[in-house]
Amino acid sequence: MALCRESKDSTMLDLSQGEDAAAGGGGSGGGDFPAKLTKQVVVCTIIAAVGGLMFGYDIGISGGVTSMDSFLKKFFPTVYVKKHQAKANNYCKYNNQYLQLFASSLYFAAIVASFFASVISKKFGRKPTIQVASILFLSGAVLNAAAQNLAMLIAGRMLLGAGVGFGNQAVPLFISEIAPPRNRGGLNVIFQLMITFGVLIANIINYGTSKLHPYGWRISLGGAVGPALILLIGSIIIVETPTSLIERGRKEKGLSTLKKIRGVDNVDKEYAEILSAVEMAKQYKNPFRNLLSRYNRPQLICGSLLQFFQQFTGITAVMFYAPVLFLTMGFGDDASLLSAVMANTVKPIGTVVAILVVDRVGRRVLLVEAAIQMFISQCAIGGILAAHLKATNIVPKHYSIAVICLICLFLAGFAWSWGPLGWLIPSETFPLETRSSALFITVSMNMLFTFIIAQSFLTMLCHMRSGIFFFFAFWLVVMGLFAIFMLPETKGIPIDEMIDRAWKKHWFWKRYLKDYDAGKGQQELQDKPLEKSIE
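Residues numbered from 1 in each chain as written. Predicted model: local features only at pLDDT ≥ 70, side-chain atom pairs only at ≥ 80, totals over all residues. Heavy atoms only, no water.

**A word on the overall build of the protein**
Test applied: Helix numbers and strand numbers start at the N terminus; a helix is a DSSP run of H or I with at least 4 residues, a strand a run of E with at least 2. In this scheme, a residue with accessible area under 20% of its type's maximum is buried, one over 50% is exposed, and one in between is partly exposed, where area comes from a 1.4 Å probe on protein chains only. The contact criterion used is simple: two residues touch if any of their non-hydrogen atoms lie within 4.5 Å. Using the Shrake-Rupley algorithm and a 1.4 Å probe, accessible areas are obtained, with residue cover drawn only from the displayed protein chains.
Counting its secondary structure elements, the protein contains 26 helices and zero strands. Taking all 535 residues of the protein together, 62% fall into the buried category. Taking the contacts inside the protein whose residues are at least 6 apart along the sequence as the reference set, 83% of them involve residues at least 24 apart. Accessible surface computed for the protein: about 18,900 Å², of which carbon and sulfur atoms make up 67%.

**Description of helix α11 (residues 225–234)**
Applied cut-off: What the arc measures is the spread of directions leading from the helix axis to the C-beta atoms.
When α11 is considered as a whole, its buried residues turn out to be P227, A228, L231 and G234. End-on, the buried residues of α11 take up no more than an arc of 140°, which puts them together on one face. The inward-facing, buried residues of α11 abut α3 (39–65) and α7 (126–145).

**What to know about the nonpolar core**
Our working rule: We define a nonpolar core as any set of buried Ala, Val, Leu, Ile, Met, Phe, Trp, Tyr and Cys residues linked to one another through side-chain atoms lying within 4.5 Å.
Among the nonpolar cores identified, the biggest contains 137 residues, and F71 and W418 are the most heavily contacted of them. Aside from chain neighbours lying at most four places away, what touches W418 is L306, F309, Q310, T313, L367, A370, A371, M374, M479, F482 and A483. One finds A113, A133, A162 and F166 within the second-largest nonpolar core, a separate group that totals five residues.

**Examining α3**
Selection criterion: Every helix has an expected span of 1.5 Å times one less than the residues it contains. To get the bend at a residue, fit one axis to the 7 residues ending there and another to the 7 starting there, then take the angle between the axes.
For α3, built from 27 residues, the straight-helix expectation of 39 Å at 1.5 Å per residue is met to within 8% by its first-to-last C-alpha distance of 38 Å. Its maximal kink placed at G51, α3 deviates by approximately 25°. For α3, the buried fraction is high: 22 of the 27 residues fall into the buried class.

**Quick notes on a positive patch on the surface**
This is how it is decided: Note on patches: the residues involved have over 30% relative accessible area and no salt bridge, like charges join within 9 Å, and the nonpolar side chains Val, Leu, Ile, Met, Phe, Trp and Tyr join within 5 Å. A carboxyl oxygen of Asp or Glu within 4 Å of a side-chain nitrogen of Lys or Arg is what we treat as a salt bridge. Positive charge is attributed to Lys and Arg, negative charge to Asp and Glu, and no charge count is given to His or to the chain ends. Lys charges are placed at NZ, Arg charges at CZ, Asp charges at CG and Glu charges at CD.
On the surface, R294, R297, K510, R511 and K514 cluster together to form a positively charged patch. Mapping R511 onto the fold places it in the loop between α24 (498–501) and α25 (520–526). A residue is classified by how much of its surface remains accessible, and R511, at 38% relative accessible area, is partly exposed.

**A word on the pattern of salt bridges**
With the rule as written, the count across this model stands at 14 salt bridges. For K122, the salt bridge identified is with E247, shortest N-O distance 3.0 Å. With K122 in helix α6 (residues 97–124) and E247 in helix α12 (residues 242–247), the pair connects residues that are 125 residues apart, well separated along the chain. The class for K122 is partly exposed, based on a relative accessible area of 31%. A salt bridge links E279 to K251; the shortest N-O distance between them is 3.6 Å.

**Regarding the environment of A202**
Take A202: it is sitting in helix α9 (residues 184–209). Along the sequence, A202 and G56 sit 146 residues apart, while their C-alpha atoms lie 8.0 Å from each other. Residues within four places of A202 in sequence aside, it is in contact with Y57, G60 and I61.

**Comments concerning the packing of helix α16 (residues 297–312) against helix α21 (residues 418–429)**
Which entries qualify depends on this criterion: Here an axis means a line fitted to C-alpha atoms, over the contact stretch when the element is a helix, while the angle between two N-to-C directions is reported on a 0 to 180 degree scale. Our angle categories are set so that under 35 degrees counts as roughly parallel, over 145 as roughly antiparallel, 65 to 115 as roughly perpendicular, and the remainder as oblique. Crossing handedness is defined as follows: a turn of the near helix away from the far one that is anticlockwise and smaller than a right angle gives a left-handed crossing, while the clockwise case is right-handed. In this classification, the charged set is Asp, Glu, Lys and Arg, the nonpolar set is Ala, Val, Leu, Ile, Met, Phe, Trp, Tyr, Cys and Pro, and all remaining amino acids, among them Gly, are polar.
The contact between α16 and α21 brings their axes to 9 Å, and the two run at 165°. Between α16 and α21, the crossing angle belongs to the class labelled roughly antiparallel. As α16 runs across α21, the sense of the crossing is left-handed. Along the contact surface, α16 presents Q299, G303, L306, Q307, F309 and Q310, while α21 presents W418, G419, G422, W423, I425, P426 and T429. Counted by class, the contact of α16 with α21 contains six nonpolar, seven polar and no charged residues.

**As for the packing of α6 against α7**
α7 packs onto α6 with a crossing angle of 140° between their chain directions and a minimal axis gap of 7 Å. Our classification of the angle between α6 and α7 gives oblique. Contacts between α6 and α7 involve A117, I120, S121, K122 and F124 from the first element and R126, P128 and T129 from the second. Here the residues of the contact of α6 with α7 are counted per class, giving four nonpolar, two polar and two charged.

**Examining the side chain of Q307**
Take Q307: it is sitting in helix α16. Apart from the residues lying within four places of it in its own chain, the contact partners of Q307 are G422, W423, P426, T442, M445, N446 and F449.

**Concerning the state of the cysteines**
The following threshold applies: Here, the term disulfide refers to a pair of cysteine sulfur atoms separated by no more than 2.5 Å.
Per the stated rule, a full pass over the model turns up zero disulfides. Cysteine C408 remains unbridged, with the sulfur of C405 as its closest cysteine sulfur at 6.2 Å.

**Structural notes on unusual backbone geometry**
That bond from H213 to P214 is cis: its omega, 0°, falls within 30 degrees of zero. Inspection of the secondary structure puts P214 in the loop between α9 and α10 (216–222). In this model, R465 sits at a positive phi of 55°, which is unusual for a non-glycine residue. Note on placement: R465 falls in the loop between α22 (432–464) and α23 (467–485).

Right, here's the structure in full:
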């Protein structure tokens, strides 16, 4: 409290300046908050982003084990038989609802879990939510590794899904709230980078364990214990976000934490803005009901559409079923797993590109460029398969290599655009009063569409054949147009100024924000001395 009293006058002055910037979106604005990119922020970001490593490992491991004979023989014997029938339809060998349920059940559980995660995140903080995510994921990994029947296997997947729901809810929010505005994009993309590393590590492990009969698949599934333990141990040492601390009434702790993570003492302006957002958020007793208000529709619609578009790029189909797809084209078991490793090596490289450029060129440029790149890739893959993969033949070798290269091109585009930005943009666009509930909606939408694609892809492949790639190409055209015309640029704008400086200036969405009183919370703060508010 002594600290707060000593800086009372300067704090009051900066509060007034912060209000002017937030209300008008002009002047120096929040982009000029004094801040260093501190070692603590970087370390906390990397630790939290291990939640992405868990998610990515699970994505990569699922596709690999479903191509292993020992796994199929134990849990999906009918698929095993079809796989080895010489005259079986290439496009339909793996069309099995239970096999698809193995992949998709995780996402159904994540939808339910993300609701509870939003409540826990708001009431207890981002840090405990991340800890719960690691415990749930750890439990699921152990159960999967020990599975004796399909019921145990699916139960383990559901626990993994609950961990994914908690992690995907809390981690992007945590990173967005501790990151300085000018570095927020690059730091948040580390979450996606960890997802890509998880996929790559899982593919490498699958390639090695595929030779260990009959328990190689148990090692692969049990390997998920590793990232879960890293996150559980690491989550003990990370800080809670200043926004969460202030939101839960620990204002003095929030102020000291803000100084610590910014590496400067002059944080009065940023603190005032967070405090203003918290005070405004308190006016809304039911954030889910408020989320449906007219002035929240732009963020909600765009956040939800981003989740839809992320999955309808076709990424889930490629990530989950890359080994199966390569087997369909005539690669052997080992060659298909090795091809998946090669393809997924590209994603971490592409994600590093996103980290380096997202806060320089902005979000929309990356989204549009990648939509064009992925459209070309999907059309070319569909064209090759339409011409050269019939019901029972094998694709000529040079065309198979071309497909691998096109998948690499597709994955690179996704890795520096719709992958990381699908998580980044929703985490930075919602006002505090709806932030946790809004992220529940967006995470749930992501999990729902992932569930739909994962549950239906093999059936779609069986019936649509190569046409499935043209199906995804159509959606890439739609999402490119969406990024051009409907999505405001959010680069470098402080989270709590996003409505004034992004949404209110958009040619279409501004009509929904005519009644939004951005200054209501600030006006209340003007009537209260900061010292009393902190106490």
